[in-house]
Amino acid sequence: MSTLDHLEADSARGGGVLDPDTITNAASWDAARGGAGAAIAAVTSALAGTPALAAVRPPGHHALIDRAMGFCLLGNVVIAARAAQRGGAARVLIVDWDVHHGNGTQAMVEQDETIRFVSLHQWPAYPGTGRASERGVGNIFNLPMPPGLEPALYVEALWDAVSQATSDWTPDAVLVSAGFDAMQGDPLAGFTLEPEHYADLTRRLRTRWPDAPFAATLEGGYAPSRLADGVIAHLAAI
Ligand SMILES: [Zn+2]
């Protein structure tokens, strides 16, 4: 049975416990397809000239090829990247600023030179992957950092990693795994970003590649009011 068939059957049964963090119900299959479809719609919009954020639940960057993980059912940002490639954007940059490592995204693209993946994440923390030494085929750029630092240090470190990842390689599309659990006050982690820092990073990406289609998919964020403030700042900067 494929992963998709498994998820559909799970929801048909009323849901279950797919991993210790990932509880489903009868609506989860529709939610998963809706999230992936919204990610594709965001890319379709971006390819047509209008950048977009897919404000979806469930998130996607922990989902693996063969199983759900860490609140995630389907790898939304990788699905978006494939949609971008089908639409003519051969080289896709994925920037993951969720506070957790995008292990599922990495697992799906680490053998694929057409995609470069940059992930800033707290270390040590869930899911335990994302060492700087994990380089894929040279297309993976992991940035594990401790909690509690000045926010500018996270911003500059991520930007340095993006610059390193693209020094000899120009993306045809730019995607963001936009988690907002790296904000000050998030209950699951200890980074210190404020809305202005997401706006800054967003503007830098848009300014660096003004002609590249730009789409983002929502990942984590567990303090709802903070999540809202971060998303609004990100959208305004887009
Ligand atoms: Zn997260």
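Structure: see above.
Residues numbered from 1 in each chain as written. Predicted model: local features only at pLDDT ≥ 70, side-chain atom pairs only at ≥ 80, totals over all residues. Heavy atoms only, no water.

Report on the pattern of salt bridges, specifying residues and quantitative values.
Counted by the stated rule, this structure contains eight salt bridges. Where R131 meets E134, a salt bridge forms, and the shortest distance between an N and an O atom there is 3.9 Å. A residue is classified by how much of its surface remains accessible, and E134, at 19% relative accessible area, is buried. For R204, the salt bridge goes to E156, with nearest N and O atoms at 2.8 Å. With R204 in helix α6 (residues 195-208) and E156 in helix α5 (residues 151-165), this residue pair connects regions lying 48 residues apart in the sequence. Looking at E156, the relative accessible area reads 36%, which means it is partly exposed. Salt bridges sharing common partners tie together E156, D200 and R204. (Salt bridge = Lys/Arg side-chain N within 4 Å of Asp/Glu carboxyl O. Buried < 20%, exposed > 50% of the residue type's maximum accessible area, 1.4 Å probe, protein only. Helix = DSSP H or I, 4+ residues; strand = E, 2+ residues; numbered from the N terminus.)

I'd like a description of the nonpolar core, backed by residues and values.
Of all hydrophobic cores here, the largest spans 39 residues; its most connected members are W97, L158, V162, F180 and L205. Elements represented by at least two residues in this core include exactly β4 (92-96), β5 (115-122), β6 (140-145), α5, β7 (173-178), α6, β8 (214-218) and α7 (224-237). Looking at which element gives the most residues to this core, the answer is α5, with eight residues. The residues contacting V162, other than those within four sequence positions of it, are L93, V95, V118, L205 and W209. In terms of nonpolar packing, the next biggest core, distinct from the first, is built from 24 residues, V77, A80, A83 and L175 among them. (Core = buried A, V, L, I, M, F, W, Y, C linked by side-chain atoms within 4.5 Å. Contact = heavy atoms within 4.5 Å.)

Provide a residue-level description of the coordination of the zinc ion, including the pertinent values.
The reference angle at a metal is 109.5 degrees if four donors form a tetrahedron and 90 or 180 degrees if six donors form an octahedron. Ligation of the zinc ion by protein atoms is provided by D98 (OD), D98 (OD), H100 (ND1) and D181 (OD), these donors lying 2.0 to 2.7 Å from the ion. Between the four donor atoms coordinating the zinc ion, the angles at the centre fall across 53 to 157 degrees, so the site counts as irregular. Mapped onto the polypeptide sequence, the residues donating to the zinc ion form the spacing pattern D-x1-H-x80-D. When its relative accessible area of 8% is taken as the criterion, H100 is described as buried. (Donors = N, O, S within 2.8 Å, 3.2 Å for Na, K, Ca; no water. Tetrahedral: all angles 85-135°; square planar, octahedral: opposite > 155°, others 65-115°.)

Tell me about α5, and name the residues and values.
With 15 residues, α5 should reach 21 Å at 1.5 Å per residue; the first-to-last C-alpha distance of 21 Å fits that figure. Listed in full, the buried residues belonging to α5 are P151, Y154, V155, A157, L158, W159, A161, V162 and A165. Each element contacted by the buried residues of α5 is listed here: β4, β5, β6 and α6. (Expected span 1.5 Å × (residues − 1).)

Tell me about the pairing of β6, and please be specific about residues and values.
Burial within β6 is extensive, with five of its six residues counted as buried. For β5 and β6, the ladder comprises six bridges, and the chain directions are parallel. The partner of Q122 across the bridge, within β6, is M145. (Pairing = 2+ DSSP bridges.)

Got a sec to walk through the environment of E110? Specific residues and values, please.
Note on placement: E110 falls in the loop between α4 (103-109) and β5. Judged by relative accessible area, which is 25%, E110 ranks as partly exposed. If we skip the residues at most four places from it in the chain, E110 touches G136, V137, N139 and I140.

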